[in-house]
Amino acid sequence: MAADKKLPVVKDAPAAKPKPSPRAAGWGAFTDGGAAPRYLVAARAVLVIALAATIPTILGVSHGSRILWTMCVAALPLFWVVAGYHVWRRICPLAVVGQLGRLLGRPGTRKVEGWLTTHYLYLQLGLMLVGMSFRLVAGNGSPLWLAGFLAVVVVAAAMVSLVWSGKTWCNLICPVGIVEKIYTEPAPRAAGGVEPTSQCAPCVACKKHCPDIDLEQGYWKEMPETEVRGRRLAYFAWPGVVTAFYVYYYLVARSWDYYFSGAWAYETDQAARWLDPGFYFATGVPRIVAAPLTLIVGGALSFAVFALAERAWRAIAGRRLAADATVEAKAELARDVRHQ
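Residues numbered from 1 in each chain as written. Predicted model: local features only at pLDDT ≥ 70, side-chain atom pairs only at ≥ 80, totals over all residues. Heavy atoms only, no water.

A. View of the overall build of the protein chain. Along the protein chain, the regular secondary structure elements total 14 helices and 0 strands. Going residue by residue from the N terminus, the α and β elements of the protein chain occur as α-α-α-α-α-α-α-α-α-α-α-α-α-α. For the protein chain, the proportion of its 340 residues judged to be buried stands at 38%. For the protein chain, the accessible surface area stands at approximately 19600 Å², while carbon and sulfur atoms represent 68% of it. (Helix = DSSP H or I, 4+ residues; strand = E, 2+ residues; numbered from the N terminus. Buried < 20%, exposed > 50% of the residue type's maximum accessible area, 1.4 Å probe, protein only. Areas by Shrake-Rupley, 256 points an atom, 1.4 Å probe, with all protein chains shown as cover.)

Right under this line is the structure:
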């Protein structure tokens, strides 16, 4: 009798990794449940330390304000373009503060609803105008005011994380978010879909069409009529706002030397001069009015220029489409005649 054949032994499949809990805290939350690559975790830790050192640097280093504005902040757009949207979103130190509730094991659970979910770009653009106006009035040269401003921003991000879920701060409130979008979207995924995302682990669905999951898909799906208006306003106005920001240095001093010399970064009494003349040609307008007015006018002019260009392009494209349709109709008619 043949020896009994033993059935093949099926090895136990490796146990699936447990999914991170929404209330996972500490190092697990900091590393996105282990999903974040080590180099990104290291970069995140370094930038968090840098953020913690920002206020002491501003207050204790004579060139602190100038280093922040002309080196750190000025380098961000280049980093976004070179490294990509998702890399920055995973290492941004303010984004880490915006997840403080999750890191402490007390994440916010409320979700933003209503007007803000589709018109958040208005809020972000408005907050960016406030921040840029603050720079021109007090934050460029006064270490105390600049440090206080940064402290307020950090506290606001932390408070949002304790009340609202996920990346509510980053996606719907943070004024830098609008600039990130302008520079990077609608960037397609890398070939083969191997590009890492900046999705939370686990996802708590804090935002519909989350850009941290798929930036390109989020861009196209956020295109109902209500969202188009906000995006159109932000995109068309932003070049003018940036241009007006730098032009204001000339409008207040009547010389470009004021900007290029970097003197604005050392005006420690800047905040006390907010009622000084805001324009060299209109001395009755104080700085606190002139600075935001310049940004708003610059944004309005930029929007008007791009809106007119858009209208002209649509008219040209419409005529081309009509001409192409006429040619196609004549060709179709000629084919029908030949077949008769």
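B. Helix α2 (residues 38–60), seen in detail. Over its 23 residues, α2 runs 33 Å from end to end, which matches the ideal 33 Å to within 8%, given 1.5 Å per residue. Of all the bends in α2, the largest measures some 35° and sits at A53, one to four residues before the proline P56. What α2 keeps buried is the set L40, V41, R44, T54 and I58. (Expected span 1.5 Å × (residues − 1). Bend = angle between axes of the 7 residues up to and from the residue.)

C. Summary view of the environment of R102. Relative to the assigned elements, R102 resides in helix α6 (residues 100–103). When its relative accessible area of 13% is taken as the criterion, R102 is described as buried. Counting along the chain gives 73 residues from R102 to A29, while the straight-line C-alpha distance between them is 6.6 Å. In terms of polar contacts, R102 uses its side chain to reach the side chain of Q99, at 2.8 Å. (Polar contact = N/O pair within 3.5 Å; in protein donor to acceptor, adjacent residues only side chain to side chain.)

D. Layout of the environment of L127. By the secondary structure assignment, L127 is in helix α7 (residues 115–139). Residue class for L127 comes out partly exposed when judged on its relative accessible area of 35%. With 47 residues separating them in the primary sequence, L127 and C174 have C-alpha atoms 8.0 Å apart. Among residues more than four places away in sequence, those in contact with L127 are I173 and P175. (Contact = heavy atoms within 4.5 Å.)

E. Looking closely at the pattern of salt bridges. Throughout the structure, instances matching the rule amount to 15 salt bridges. Each of K181, E185, K207, E222 and R231 takes part in a single network of salt bridges with overlapping partners. (Salt bridge = Lys/Arg side-chain N within 4 Å of Asp/Glu carboxyl O.)

F. Looking closely at the state of the cysteines. Counted under the stated rule, the structure contains 0 disulfides. Here C174 is not cross-linked by a disulfide; its sulfur's nearest cysteine counterpart is in C170, at 6.4 Å. Given a relative accessible area of 9%, C174 falls into the buried group. (Disulfide = S-S within 2.5 Å.)

G. Representation of the layout of surface pockets within the structure. When its volume is computed, the second largest pocket comes out at roughly 270 Å³. In this structure, the second largest pocket is lined by 15 residues; those nearest its centre are T117, T118, K207, K208 and H209. A breakdown of the residues in the lining of the second largest pocket according to their chemical character gives 5 nonpolar, 3 polar and 7 charged. (1 Å grid on protein atoms, 1.4 Å probe; cavity = no way out; pocket = protein on both sides within 12 Å on 5 of 7 lines; lining within 4 Å. Points joined across faces, edges and corners; volume = space filled by probe spheres on them. Nonpolar A, V, L, I, M, F, W, Y, C, P; charged D, E, K, R; others polar.)

H. How the structure looks around unusual backbone geometry. The omega angle of the peptide bond from E185 to P186 is 0°, so this bond is cis rather than trans. As for its position among the elements, P186 is in the loop between α10 (176–184) and α11 (215–221). Not every positive phi belongs to a glycine, and H209 is a case in point at roughly 55°. Along the chain, the position of H209 falls in the loop between α10 and α11. In this model, R254 sits at a positive phi of 60°, which is unusual for a non-glycine residue. Relative to the assigned elements, R254 resides in the loop between α12 (225–253) and α13 (257–260). Classification of R254 as exposed rests on a relative accessible area of 58%.

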